[in-house]
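Observations on the three-dimensional arrangement
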Amino acid sequence: MTGGKANFKIVLVSIMNVGNSYGRMLAGFASERYKSSIHRPTWFVLALAAMCFAQATLAVSQTIQSLSMLLLGTTIMGLSYGAFWALSPTICAELFGTAHYGANYALLNLAPASGGYFV
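Residues numbered from 1 in each chain as written. Predicted model: local features only at pLDDT ≥ 70, side-chain atom pairs only at ≥ 80, totals over all residues. Heavy atoms only, no water.

1. Some thoughts on the side chain of S31
Structurally, the position occupied by S31 is in helix 1 (residues 6–33). What makes S31 buried here is its relative accessible area of 3%. Separated by 2.9 Å, the side chain of S31 and the backbone oxygen of A27 make a polar contact. Not counting chain neighbours up to four residues away, the residues in contact with S31 comprise R40, W43 and L87. (Helix = DSSP H or I, 4+ residues; strand = E, 2+ residues; numbered from the N terminus. Buried < 20%, exposed > 50% of the residue type's maximum accessible area, 1.4 Å probe, protein only. Polar contact = N/O pair within 3.5 Å; in protein donor to acceptor, adjacent residues only side chain to side chain. Contact = heavy atoms within 4.5 Å.)

2. Things to note about the pattern of salt bridges
Across all of its chains, the model carries three salt bridges by this definition. A salt bridge links E32 to K35; the shortest N-O distance between them is 2.9 Å. According to the relative accessible area criterion, E32 is partly exposed, its value standing at 39%. Given a relative accessible area of 44%, K35 falls into the partly exposed group. Between R40 and E32 there is a salt bridge whose closest N-O contact spans 2.5 Å. In this structure R40 comes out as buried when scored by relative accessible area, which is 7%. Among the ionic contacts, a cluster of salt bridges with common partners joins E32, K35, R40 and E94. (Salt bridge = Lys/Arg side-chain N within 4 Å of Asp/Glu carboxyl O.)

3. A few points about the layout of surface pockets
Considering only enclosed or pocket space, the largest pocket measures out at about 240 Å³ in volume. Lining the largest pocket are 13 residues, with F44, F84, S88, L108 and N109 positioned closest to its centre. Put simply, the parts of the chain that give the lining of the largest pocket at least two residues each are helix 3 (67–96) and helix 4 (101–118). (1 Å grid on protein atoms, 1.4 Å probe; cavity = no way out; pocket = protein on both sides within 12 Å on 5 of 7 lines; lining within 4 Å. Points joined across faces, edges and corners; volume = space filled by probe spheres on them.)

4. Brief notes about a nonpolar patch on the surface
Nonpolar side chains collect at one region of the surface, where V18, Y22, M25 and L26 lie side by side and expose about 430 Å² of accessible area between them. When you line up the elements, L26 lands in helix 1. Judged by its relative accessible area of 52%, L26 falls in the exposed class. (Patch = residues over 30% accessible without salt bridge, like charges linked within 9 Å, V, L, I, M, F, W, Y side chains within 5 Å. Areas by Shrake-Rupley, 256 points an atom, 1.4 Å probe, with all protein chains shown as cover.)

5. Considerations on the packing of helix 1 against helix 3
Viewed as axis vectors pointing N to C, helix 1 and helix 3 meet at an angle of 40 degrees, and their least axial separation amounts to 6 Å. Of the possible angle classes, the one that applies to helix 1 and helix 3 is oblique. Considering the relative orientation of helix 1 and helix 3, their crossing is right-handed. Within the contact of helix 1 with helix 3, the residues separate by chemical class into 17 nonpolar, nine polar and one charged. (Axes fitted to C-alpha atoms, helices over the stretch in contact; angles between N-to-C directions. Parallel < 35°, antiparallel > 145°, perpendicular 65-115°, else oblique. Left-handed = near helix turned anticlockwise from the far one by under 90°. Nonpolar A, V, L, I, M, F, W, Y, C, P; charged D, E, K, R; others polar.)

Below, the structure written as structure tokens:
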């Protein structure tokens with residue numbers, strides 16, 4: 001399954017982007033709807049667990065050469081990635097307050113940038 005057709009790569013990127021959009025909407029809606037019973041950091045942990053499952057699914061899909069598992073892993077990865085970006089600003093404001101929100105959120109956004117640089 002290495003390489004693949006160019007059209008299928010476009011489909012995978014599109015599925016991840018659509019999942020990202022829906023992940024942002026679903027995580028924002030669900031975390032706001034159930035904020036009295038489930039705290040937002042718990043939603044973030046659930047999104048992290050979903051991302052771990054997606055990465056494992058993608059690894060297995062490469063091992064057994066399964067396109068359906070590749071599609072499933074890509075979809076779950078997009079949903080959880082969108083959830084990360086939807087929950088981060090709200091969690092930052094709830095945990096650290098809004099007095100220095102801009103500086104805190106900018107510092108929070110350095111993590112993906114520095115992680116990408118060092119990896």
